[in-house]
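# Remarks on the overall topology
So the chains spell out like this:
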Amino acid sequence: MTSDSFQPIQGMSDLAVPEIHLWQRLEDTARDLLSRYAFREVRTPILERTDVFERSLGDTTDVVRKEMYSFEDRGGRNLTLRPEGTAGVIRYVAGQGQDAQEARLYYIGPMFRSERPQAGRRRQFHQLGVEAIGAPCPAADAEAIALQAHLLGAWGLDEFRMEVNTRGLPEDRARVADGLRDALKTKRAELCEDCHRRYEENPLRILDCKKTECRDVVAGLPPVTSFMSVEARDYLRDVLQILKRLEIPVTENPRLVRGLDYYVHTVWEVTHVGLGAQDALSGGGRYALTLGNKTVEGVGFAMGLERVIAALTGQGMDPKSLAERPDVWLVSQGASAFDENLVLMQTLRMRGVSCGMDLQGRSMKAQMRAANRADSRYVIIRGEHEMEEGTFQLKNMEDGVQEELDMPDLIQRLTPATDIAWPDSEEKK
RNA sequence: GUGGGUGUAGCUCAGUUGGUUAGAGCGCUAGGUUGUGGUCCUAGAAGUCGCGGGUUCAAGUCCCGUCACUCACCCCA
């Protein structure tokens with residue numbers, strides 16, 4: 001039933017079983033790998049002053065103009081739910097002064113954009129972002145790209161494609177726009193309606209228009225780098241050279257465009273074939289961001305985790321298979337066995353054994369069904385007979401083999417790790 | 001913000017040209033086996049047919065509105 005009162009608000013999802021297993025695995029492997037690359041986590045607030053985003057993303061970008069969740073708080077301050085992660089991290093770094101000149105930081109968390117949801121696009125979505133602050137040189141860019149490729153590989157992603165381009169220096173931006181307008185002047189009539197608008201507003205965008213008529217026109221254009229300074233071209237060349245030596249497979253794409261205003265020099269994007277219209281798993285680049293009287297330079301990328309998960313499940317990864325199974329399910333017949341099992345369950349858990357039992361005192365058949373549903377490896381059965389004898393039935397749920405054991409043997413069987421010390425005073429009450 | 005598609009049990013979906021008490025499969029609960037799951041058989045619980053209005057003797061079915069979901073555009077991860 002789709003009852004409105006049980007539905008999260010538009011474009012926001014509850015992340016729960018079974019997908020949550022995949023989320024947790026992604027986060028675990030990411031944290032592990034990022035620390036191997038000497039990046040440290042930072043958790044900045046989800047809410048920032050609106051101008052933090054306006055100034056860093058550029059107040060002409062769509063993200064700022066029409067996609068932000070902004071509101072006034074009780075003190076009349078203008079606040080915004082973060083639409084991306086870089087701005088907040090830069091705000092943090094800028095406030096740290098000298099100490100953070102060479103910060104290597106990552107974040108994982110929710111971002112908010114008030115767009116119409118579709119496949120691969122939510123209003124609340126999650127990004128893992130990496131920011132290498134300082135070290136404004138090609139090696140830093142190459143390292144970030146290498147890390148990105150490593151991360152995607154560690155997650156088990158197969159068919160992703162990494163494309164690299166440059167935005168050039170800030171002063172190259174106008175030159176590129178002018179150069180493109182000039183080159184397109186005679187062919188304007190052949191462009192689509194949207195691209196007519198883009199010709200004025202942002203000719204760079206024409207380069208990644210999906211319409212065939214525009215693609216034909218774009219194919220005949222000189223590469224954007226030809227409008228840029230020698231410095232910009234050399235920088236890109238160096239980055240690509242290092243990547244080659246690191247054996248990171250990337251494709252140079254002179255038509256790759258990235259939307260946010262803060263990018264300079266290297267930009268890149270990762271796409272995946274199985275994703276539909278929103279096929280970008282990740283985007284990144286070098287940036288220079290000015291906040292207050294301070295400019296922070298860095299290189300980084302952000303990955304859309306929903307999209308990574310969509311790509312992985314599209315590849316056949318089953319979140320259910322990642323669920324942890326309990327070691328033991330305790331089944332009891334009779335009130336005293338039930339009481340003793342409650343105590344045994346607690347003891348087992350204290351010893352590192354994962355276990356569960358039916359707490360409602362239902363029939364044995366129902367308890368066995370529950371054990372099966374929980375996908376438990378073993379079942380411990382205690383009835384009147386076992387209570388009298390002081391024994392336990394241990395049943396292996398995979399092969400159905402069942403044996404009667406006393407407490408020391410039972411403990412032996414359930415604690416594979418020898419370093420778990422079982423007190424021999426483990427008495428039944 | 002714009003356009004298309006879809007809303008019937010927890011899930012996936014049937015539902016004839018409007019015509020009695022709205023169906024199936026899976027799942028769930030219980031029984032067949034009063035001490036044993038996963039297979040099988042039987043029974044049961046579970047639906048304001050998204051919501052509101054209209055047409056009609058009669059609406060899950062037709063009309064209008066609305067909400068939600070979904071896909072795409074713009075743009076972006």
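Presented here is a report on the structure given in the accompanying data block. Everything quoted here is computed from the prediction, not taken from an experiment.

Reading the values: the criteria
Residues numbered from 1 in each chain as written. Chains lettered and ligands numbered in written order. Predicted model: local features only at pLDDT ≥ 70, side-chain atom pairs only at ≥ 80, totals over all residues. Heavy atoms only, no water. Core = buried A, V, L, I, M, F, W, Y, C linked by side-chain atoms within 4.5 Å. Buried < 20%, exposed > 50% of the residue type's maximum accessible area, 1.4 Å probe, protein only. Helix = DSSP H or I, 4+ residues; strand = E, 2+ residues; numbered from the N terminus. Contact = heavy atoms within 4.5 Å. Near = heavy atom within 4 Å. Polar contact = N/O pair within 3.5 Å; in protein donor to acceptor, adjacent residues only side chain to side chain. Nonpolar A, V, L, I, M, F, W, Y, C, P; charged D, E, K, R; others polar. Pairing = 2+ DSSP bridges. Axes fitted to C-alpha atoms, helices over the stretch in contact; angles between N-to-C directions.

### Some thoughts on the nonpolar core
With 44 residues, the main nonpolar core has Leu128 and Trp155 as its most contacted residues. A total of nine residues in this core trace back to one element, the largest contributor, which is helix 5 (residues 138-154). Residues in contact with Trp155, not counting those within four places in the same chain, are Arg25, Leu26, Thr29, Ala30, Leu128, Met303, Leu305, Val308, Leu312 and Met317. Among the nonpolar cores identified, the runner-up in size contains 28 residues, and Phe125, Leu256, Tyr263 and Leu289 belong to it.

### Re unusual backbone geometry
The omega torsion across Val17 and Pro18 is 5 degrees, close enough to zero to call that bond cis. Of note, Pro18 is situated in the segment before helix 1 (19-36). The backbone phi angle of His265 is positive, close to 55 degrees, even though this residue is not glycine. Structurally, the position occupied by His265 is in strand 9 (residues 263-272). His265 sits in the buried class, given a relative accessible area of 7%. Located in the positive-phi region is Asp375, a residue other than glycine, with phi close to 65 degrees. Within the secondary structure, Asp375 sits in the loop between helix 12 (364-373) and strand 14 (378-382).

### Focus on the protein's contact with RNA strand B
By nearness alone, 51 residues border RNA strand B, and Arg113, Arg121, Arg198, Arg205 and His385 come closest of all. Protein-adjacent atoms of RNA strand B, using a 4 Å cutoff, are sugar or phosphate at a proportion of 56%. The contact in question runs from a base oxygen of RNA strand B to an N or O atom on the side chain of Glu115, over 3.3 Å. Here a base nitrogen of RNA strand B sits 3.1 Å away from a polar atom, N or O, in the side chain of Lys365. The set of elements that each furnish at least two residues to the surface near RNA strand B consists of strand 6 (124-133), helix 7 (193-201), strand 10 (280-291), strand 11 (294-304), helix 12, helix 13 (384-389) and strand 15 (391-396). It is helix 12 that contributes the most residues to the surface near RNA strand B, seven residues altogether. When the residues that make up the surface near RNA strand B are grouped by side-chain class, the tally is 13 nonpolar, 16 polar and 22 charged.

### Some details on the sheet that holds strand 13 (residues 355-357)
Spatial ordering of the open sheet is given by 13-12-14-15-16, a layout of five strands whose pairing is mixed. Among the strands making up the open sheet, the edge pair consists of strand 13 and strand 16 (402-406). Taken pair by pair, the neighbouring strands of this sheet meet at an average axis angle of 30 degrees, ignoring direction. Sheet topology places strand 12 (residues 328-332) next to strand 14; five bridges connect them, and they run parallel. Residue pairing across strands places Val328 opposite Tyr378, the latter belonging to strand 14. Sheet contacts for helix 11 (residues 335-350): strand 12, strand 13, strand 14 and strand 15; angle to strand 13, the most-contacted strand, approximately 160 degrees. Together, strand 12, strand 14, strand 15 and strand 16 form the strand contacts of helix 14 (residues 407-414), whose direction differs from that of strand 16 by roughly 120 degrees.

These results come straight from atomic positions and should not be treated as a statement about function.
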